[in-house]
Amino acid sequence: MRGRVIEIGCGDGRAFEHYPPEVEAVLAVEPDPVARAAAEQRAAEAPVPIEVVDGAADRLPAPDSTFDAAVVVWVLCSVPDPSAALCEIGRVLVPQGELRFYEHVRSPNPAFRALQRTIDRLYWTRALGGCRTTRDTEGAIRAGGFHFVSLEHGFHSSSLLTVTSAPFILGVATRSRG
């Protein structure tokens, strides 16, 4: 990753330490004031310049064609309208800019997907900022006009309590203009 980056839904800023020196600056957008305050503290210690601001994924506080890359980690599973968020990401990226993502996704297994829907209704969506583990985020990224440069499907759970959020996608996509 290089150049100017926008990190959408930066949370408490845990990812800030991973930006390489080739990144000139990061605009970190976070709607939650408690998480934003923690992110501001982490930004002060980050290896690259980071500005933390209030904002939402469907109304990014940035001009058109400003960023070389956009980063979303566990964001598209929780925003009210993933299509609007992806449209905004496309708006703020330079032509051929990169969308870098690590997102929860629905399982391809129908029985496991039913379990995900149940746990979403009982827990994830209520307790974790609207997270819906059964979203077709891969399809939403494609429908948003992005094409995948790299795409990895995986399954990772740190405990039995998080198993329904274990299916994920990780990768890079670009959006062609015109």
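Structure report, in brief.

Side note on the overall build of the chain
Summing up its helical and strand segments, the chain has four helices and seven strands in all. Starting at the N terminus, the α and β elements of the chain follow one another as β-β-α-β-β-α-β-α-α-β-β. Here the C-alpha atoms of the chain give a radius of gyration of 16 Å, agreeing with the 16 Å that 2.2 N^0.38 yields for 178 residues. Oriented by its inertia axes, the alpha-carbon framework of the chain measures out at about 45 × 40 × 25 Å. Per-residue burial for the chain yields a buried fraction of 44% across its 178 residues. If you take every contact in the chain between residues at least 6 apart in sequence, the share linking residues at least 24 apart comes to 68%.

Here's the deal with the environment of Ala 28
By the secondary structure assignment, Ala 28 is in strand β2 (residues 23–29). Ala 28 gets classed as buried once you look at its relative accessible area, which sits at 0%. Setting aside residues no more than four positions away along its own chain, Ala 28 makes contact with Glu 7, Cys 10, Phe 16, Ile 50, Glu 51, Val 52 and Val 53.

Some thoughts on helix α2 (residues 82–92)
Each α-helix turn comprises 3.6 residues. Residues three or four places apart therefore point the same way. What α2 keeps buried is the set Pro 82, Ala 85, Leu 86, Glu 88, Ile 89, Gly 90 and Val 92. Contacts from the buried residues of α2 go to β1 (3–8), β4 (67–73), β5 (93–104), α4 (137–143), β6 (146–155) and β7 (167–175). The opening residue of α2, the one whose side-chain oxygen lies 3.1 Å from the backbone nitrogen of Ser 83, is Asp 81.

Section: the sheet that holds β2
Read from one edge of the open sheet, seven strands run β3-β2-β1-β4-β5-β7-β6, paired in mixed fashion. If you trace the sheet from one side to the other, it starts and ends with β3 (50–53) and β6, each paired once. Across the sheet, the mean angle separating the axes of adjacent strands is 15° when strand polarity is ignored. Pairing analysis gives nine bridges linking β6 to β7, with the strands arranged antiparallel. Within β7, the position partnered with Ser 150 by the bridge is Val 172. Sheet strands in contact with α2 are β1, β4, β5, β6 and β7, and its direction is about 145° off that of β5.

What to know about the side chain of Ser 107
In this structure, Ser 107 sits in the loop between β5 and α3 (110–127). The class of Ser 107 is buried, set by a relative accessible area of 7%. Among the polar contacts listed, one links the side chain of Ser 107 to the backbone nitrogen of Asn 109, at a separation of 3.0 Å. When neighbours within four sequence positions are excluded, Ser 107 is seen to be in contact with Phe 112, Arg 113, Gln 116 and Pro 167.

Reading the values: rules and limits
Every chain is numbered independently, its residues counted from 1 as its sequence is written. In keeping with the model being predicted, local features are shown solely for residues with a pLDDT of at least 70 and side-chain atom pairs are shown and tallied solely at 80 or more, while totals for entire chains, interfaces and linings include all residues. Water and hydrogen atoms were dropped before computing side-chain values, which therefore reflect all heavy atoms in the structure. What counts as a helix is a DSSP run of H or I of at least four residues, what counts as a strand is a run of E of at least two, and both are numbered from the N terminus. This radius of gyration counts C-alpha atoms alone. The globule rule is 2.2 Å times how many residues there are, raised to the power 0.38. Think of it in three bands: residues with accessible area under 20% of the maximum for their type are buried, residues over 50% are exposed, and the middle band is partly exposed, with areas taken using a 1.4 Å probe on protein chains only. Whether two residues are in contact is decided by their heavy atoms, any of which lying within 4.5 Å being enough. Any N or O atom pair separated by 3.5 Å or less is treated as a polar contact, with the protein-specific requirement of one donor-capable and one acceptor-capable atom, and with residues adjacent in sequence counted only for side-chain atom pairs. Here the rule is simple: two strands pair whenever DSSP picks up at least two bridges between them. For helices, the axis comes from a line fit to the C-alpha atoms of the stretch in contact; other axes are also lines fit to C-alpha atoms, and the angle between any two N-to-C directions lies between 0 and 180 degrees.

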